[in-house]
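Chain and residue survey
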Amino acid sequence: MTRRPVIIDCDPGVDDAIALILALRSPELDIQAIVTVAGNVPLALTQRNARQICELMDRWDVPVYGGCPRPLVRSLVTAEAVHGTTGLNGITLPEPTLPLQERHGVSYLIEALQNASAPITLATLGPLTNIAAAIIQCPQILDSVAEIVMMGGAVTRGNITPVAEFNLYVDPHAGRVVFETGVPITMLSLDVTHQVLTTPERLAQLRAVGTDLSQVAVDLLTPYGVSDRETLGLADAPLHDPCVIAYLLQPDLFTTYGAEVTVETDSPLTLGQTVVNPRRAKALTHPVQVADTVDAAGIYQLLQDRLAMRL
Ligand code: RIB
Ligand code: CA
């Protein structure tokens, strides 16, 4: 099996945690490191949560870095109402002993990409602050980026505002830097992740796996998404970030279309909005691949299979 080198940049966060569990249970992915960023909760918690998940998964081999504690320009906006005060609402894990790497996450990203023997995929699950900071500091690293697969953006409807998705709202300037690079990007926006809902039947499917790990996933997902359901009128909680890992593992679970994507960075009314223009696709070398449809049942089957898999 050729293993795909991946760096995961994330802001755990309940759905980030499920995505990390899925990724850490997938031998197809050669996870080089986890880099954390401020987002759902402050950096001190996102880095702690990532270390706790790695320990839970017995993945002491995966280094965890702390990246940027705030967006490039804006003040930090967090989402404790969605993820709880710790960021991992629903579970209590031991204080992590897996060390936080001393090097800053942005320095790690630059060095890892500069020294890469093969192109690396960046899987981004949070605000794009670290990625943008690395690109600004050392644009040459883009030559070693295979592609960026991101959870972020909204084509038709936002979540934190009527038009903006949380990750791009928190750091729209970072989003603009990343989309302007022209590297291959696959954007899993709310338009697909809002199709991947944690129904009671799917939760029961995960519970039926019957392992400690599957129970952790169920304990995370049970309280998750109440606020999304109330504020967005969704029937059940959307499973955002695991869609990124599912795309890496089984891209055929999705369909995509090419488009130019630009991020609103000025208007207070539409800050963080991703403007998706398919008509510009043919003018671009690497149009952004915007996910259009998703096999939601297939996503949960994949998650269930990986939770049940004997490693
Ligand atoms: O808008 C949903 C995204 O914002 C997810 O990545 C969630 O974890 C938060 O970071
Ligand atoms: Ca996230």
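Notes on the structure in this doc start here.

Here is what the cut-offs are and how they apply
Residues numbered from 1 in each chain as written. Chains lettered and ligands numbered in written order. Predicted model: local features only at pLDDT ≥ 70, side-chain atom pairs only at ≥ 80, totals over all residues. Heavy atoms only, no water. Near = heavy atom within 4 Å. Polar contact = N/O pair within 3.5 Å; in protein donor to acceptor, adjacent residues only side chain to side chain. Areas by Shrake-Rupley, 256 points an atom, 1.4 Å probe, with all protein chains shown as cover. Helix = DSSP H or I, 4+ residues; strand = E, 2+ residues; numbered from the N terminus. Donors = N, O, S within 2.8 Å, 3.2 Å for Na, K, Ca; no water. Buried < 20%, exposed > 50% of the residue type's maximum accessible area, 1.4 Å probe, protein only. Expected span 1.5 Å × (residues − 1). Patch = residues over 30% accessible without salt bridge, like charges linked within 9 Å, V, L, I, M, F, W, Y side chains within 5 Å. Salt bridge = Lys/Arg side-chain N within 4 Å of Asp/Glu carboxyl O.

With respect to the site of ligand 1
Taken together, 13 residues sit near ligand 1, with D15, L125, E165, N167 and D241 positioned nearest. A distance of 2.8 Å separates an oxygen atom of ligand 1 from a polar atom in the side chain of N159. For ligand 1, whose accessible area on its own is 270 Å², the fraction buried by protein is 97%. If you list the elements that add at least two residues to the shell around ligand 1, you get α1 (14-24) and α6 (166-170).

Some points on the coordination of the calcium ion (ligand 2)
For the calcium ion (ligand 2), the protein coordination sphere consists of D11 (OD), D16 (OD), D16 (OD), L125 (O) and D241 (OD), at 2.2 to 2.6 Å. For the calcium ion (ligand 2), the donor residues sit on a single chain with the sequence spacing D-x4-D-x108-L-x115-D. With D11 in the loop between β1 (4-10) and α1 and L125 in the loop between β4 (120-124) and α5 (129-137), this pair connects stretches of sequence that are 114 residues apart. Here L125 falls in the buried class, since its relative accessible area comes to 1%.

A few points about helix α13 (residues 296-308)
Over its 13 residues, α13 extends 18 Å from the first C-alpha to the last, a length consistent with the 18 Å expected when each residue adds 1.5 Å. By the burial criterion, the buried members of α13 are A296, G298, I299, Y300, L302, L303, Q304, R306 and L307.

Brief notes about a nonpolar patch on the surface
A surface patch of nonpolar side chains, about 260 Å² in accessible area, is lined by L72, V73 and I136. With respect to the helices and strands, I136 occurs in helix α5.

Such coordinate-based values are descriptive only and should not be taken to indicate function.
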